[in-house]
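# Reading the structure
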There are 2 protein chains.
Amino acid sequence: MDDISSILKEKGLKVTPQRLAIINMLKNTKEHPSAETIYKTLSSDFPTMSLATVYKTLEMLKNIGLVQELNVGEGSFRYDANVNSHPHLICYGCNRVDDLDYSALDNLIGEVSKYTDYLLKDQKLYFYGYCPDCKKKMTN
Amino acid sequence: MDDISSILKEKGLKVTPQRLAIINMLKNTKEHPSAETIYKTLSSDFPTMSLATVYKTLEMLKNIGLVQELNVGEGSFRYDANVNSHPHLICYGCNRVDDLDYSALDNLIGEVSKYTDYLLKDQKLYFYGYCPDCKKKMTN
DNA sequence: TATTACATGATAAATTTTATTAATTAATAC
DNA sequence: GTATTAATTAATAAAATTTATCATGTAATA
């Protein structure tokens, strides 16, 4: 029994092939896919997968803290199985989303709390620009 | 001739009552309204206002840099006539969105650029939690 | 004031997400 | 291993948000 299966069972949730496929796909990519992308990717190996199942599974995984939802400013959400609070980089050129490895920003809440009466619980940091590939294309 | 009118004219855009109403509303609120909220608010004074006009005007204002679009993780976007890069606070309880007055974070791009090959142009920082009102309600 | 090009308003269409429900399947007990 | 049952899935409809279309209206200019 792997990690994910036992977590689902502990929460009283059934372990289904669809759920495992979705969480495994998210764990094995750095691409921060949308629900639609997850659906299309899994459809080839999983002809019976339904988009509604993808949405419901993502909602469930978000609720039990196995994935985080990113709002990078498109019309749709993207998902990340790395639930650590880490900043993201978004490319204006190709819309790709990368993780930023710079842990100094991972916990700004403590600092920010000094300047507001909000009781802060989470943060999302997005940096926009051009990825190395698109940067190269621009100068040509 | 006020500020906004001259900016629009410089860009070769027509100055219409609808456009002035939308930008003025945004300039006079701290509430970060959605397109729907802007539409409903202006409808009383402006019975002929169309939701499509609100969307098209917001798109235009965004393009010429007079408003910024926020994606705080709801199903819709919110708009801010303060185009300075400043962090936002979002309340889990009442979904209100506030500005954070803490300019130390206003320009993290320079710092972050040292740790990525992206050519960075903009940043969006969101802090989530409970506003003073909702915090108070929780402890009761 | 007339002309013209752009903007508006009404509506349709597209896109993303959520809700509904019958059929299926995982988990449990036997 | 099989039957039971309760949760999950799949297909679809519906809801919500945003964009596109196009005839009409209006701002800007002469």
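Here, the structure is the one placed above.
Note that the structure is a prediction, hence the values are computed from the model and not measured.

## Focus: the protein's contact with DNA strand D
Contacts to DNA strand D come from 21 residues, most closely from Thr16(A), Gln18(A), Thr48(A), Tyr55(B) and Phe77(B). Contact between DNA strand D and Gln18(A): a sugar or linking oxygen at 2.8 Å from a side-chain N or O atom of the residue. Residue Phe77(B) places a main-chain N or O atom 2.9 Å away from a phosphate oxygen belonging to DNA strand D. For the surface near DNA strand D, the secondary-structure elements that each account for two or more residues are helix H2 (17-27) and helix H4 (51-63) of chain A together with helix H4 (51-63) of chain B. Residues belonging to the surface near DNA strand D are distributed by class as follows: 8 nonpolar, 7 polar and 6 charged.

## Observations concerning the relation of the copies chain A and chain B
Applying a rotation about an axis and a shift along it to one chain copy brings it onto the other copy. When chain A is fitted to chain B, the best match, at an RMSD of 0.1 Å, comes from turning it 180 degrees and sliding it 0.1 Å along the axis. On this basis, the relationship between the two copies can be described by a two-fold rotation axis. Every residue of chain A has its C-alpha some distance from the rotation axis, and the shortest such distance is that of Leu125(A), at 2.3 Å. Comparing contact sets, 100% of the residues at the interface of chain A also lie at the interface in chain B, consistent with an isologous, same-surface contact.

## Regarding the protein's contact with DNA strand C
Around DNA strand C lies a shell of 21 residues, among which Tyr55(A), Thr16(B), Gln18(B), Thr48(B) and Lys56(B) are the nearest. Within 4 Å of the protein, the contacting atoms of DNA strand C are drawn from sugar and phosphate to the extent of 72%. Take Lys14(A): an N or O atom from its side chain is 3.3 Å from a base nitrogen of DNA strand C. Counting residues per element, the ones that place at least two in the surface near DNA strand C are H4 of chain A together with helix H2 (17-27) and H4 of chain B. The class makeup of the residues in the surface near DNA strand C is 8 nonpolar, 7 polar and 6 charged.

Parameters and conventions
Residues numbered from 1 in each chain as written. Chains lettered and ligands numbered in written order. Predicted model: local features only at pLDDT ≥ 70, side-chain atom pairs only at ≥ 80, totals over all residues. Heavy atoms only, no water. Near = heavy atom within 4 Å. Polar contact = N/O pair within 3.5 Å; in protein donor to acceptor, adjacent residues only side chain to side chain. Helix = DSSP H or I, 4+ residues; strand = E, 2+ residues; numbered from the N terminus. Nonpolar A, V, L, I, M, F, W, Y, C, P; charged D, E, K, R; others polar. Least-squares fit on C-alpha atoms with pLDDT ≥ 70 in both. Contact = heavy atoms within 4.5 Å.

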